[in-house]
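Architecture and fold: a report
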Amino acid sequence: MDVLENGPSSRYASFFDITWRPVKDELADKVLIPTLGDQYGAVLERQELVLAYRDGAFVVQYFDDWFPDAPDTYGRILARALGCLDVGRAGRRQRG
């Protein structure tokens with residue numbers, strides 16, 4: 001899980017045979033694991049991937065499986081959540 005969460009900076013990364021610089025640049029520093037039961041777009045459309053908070057960290061849950069989000073994504077996750085809160089407050093102010 002540490003390798004999934006921290007990528008090449010994981011202290012365990014060297015224990016695995018992972019190509020951190022593949023042919024496609026957009027896949028650099030990523031670990032791909034075959035867990036989805038359908039095409040990615042179809043899984044997203046059915047909302048089968050769920051962002052959750054577990055044991056002090058953000059994770060993506062897919063049915064009974066869960067995968068850690070990289071800590072450097074927490075800012076974007078929290079910014080979006082705060083944005084939703086701001087919209088809610090702005091709406092109440094206008095009505096009040």
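Everything that follows concerns the structure shown earlier in this document.
One structure accompanies this document, and this report is about it. Note that the structure is predicted; figures quoted are calculated from it, not measured. (Residues numbered from 1 in each chain as written. Predicted model: local features only at pLDDT ≥ 70, side-chain atom pairs only at ≥ 80, totals over all residues. Heavy atoms only, no water.)

1. Focus on the overall build of the chain
- When you go through the chain residue by residue, the secondary structure sums to 3 helices and 3 strands.
- The secondary structure elements of the chain, listed N-terminal to C-terminal, are α-α-β-β-β-α.
- Relative to its 96 residues, the chain shows a buried fraction of 21%.
- Long-range pairs, those at least 24 residues apart, make up 26% of the contacts in the chain with a sequence separation of at least 6.
- When the accessible surface of the chain is totalled, it reaches about 7,800 Å², and 54% of it is carbon and sulfur. (Helix = DSSP H or I, 4+ residues; strand = E, 2+ residues; numbered from the N terminus. Buried < 20%, exposed > 50% of the residue type's maximum accessible area, 1.4 Å probe, protein only. Contact = heavy atoms within 4.5 Å. Areas by Shrake-Rupley, 256 points an atom, 1.4 Å probe, with all protein chains shown as cover.)

2. A short note on unusual backbone geometry
- In this model, Asp 29 sits at a positive phi of 65°, which is unusual for a non-glycine residue.
- Positive phi, close to 55°, is recorded for Gln 47, a residue that is not glycine.
- Here Gln 47 lies in the loop between α2 (40-45) and β1 (49-54).

3. Comments concerning the sheet that holds strand β3 (residues 65-68)
- One open sheet accounts for 3 strands, arranged β1-β2-β3; its pairing is antiparallel. Two strands in the sheet have a free side with no partner beyond their single neighbour: β1 and β3. Strand-to-strand twist across the sheet, computed as the mean angle between neighbouring axes with direction ignored, equals 35°.
- Alignment of β1 against strand β2 (residues 57-62), held across 6 bridges, turns out to be antiparallel. Looking at β2, one finds that Tyr 53 is bridged to Phe 58. (Pairing = 2+ DSSP bridges. Axes fitted to C-alpha atoms, helices over the stretch in contact; angles between N-to-C directions.)

4. Some words on a nonpolar patch on the surface
- On the surface, a nonpolar cluster with roughly 250 Å² of combined accessible area is contributed by Met 1, Leu 4 and Ile 33.
- Along the polypeptide, Met 1 turns up in the segment before α1 (2-6). (Patch = residues over 30% accessible without salt bridge, like charges linked within 9 Å, V, L, I, M, F, W, Y side chains within 5 Å. Salt bridge = Lys/Arg side-chain N within 4 Å of Asp/Glu carboxyl O.)

5. Quick word on the pairing of β2
- Turn length for the β1-β2 hairpin, with the two strands adjacent in sequence and antiparallel, is 2 residues, and the turn residue Asp 55 shows positive phi of about 50°.
- Here β2 pairs with β3 via 4 bridges, running antiparallel. By the bridge assignment, Tyr 62 is partnered in β3 with Asp 65.
- Hairpin connection, β2 to β3: the antiparallel pair is bridged by 2 residues, and Phe 63 has positive phi, about 55°.

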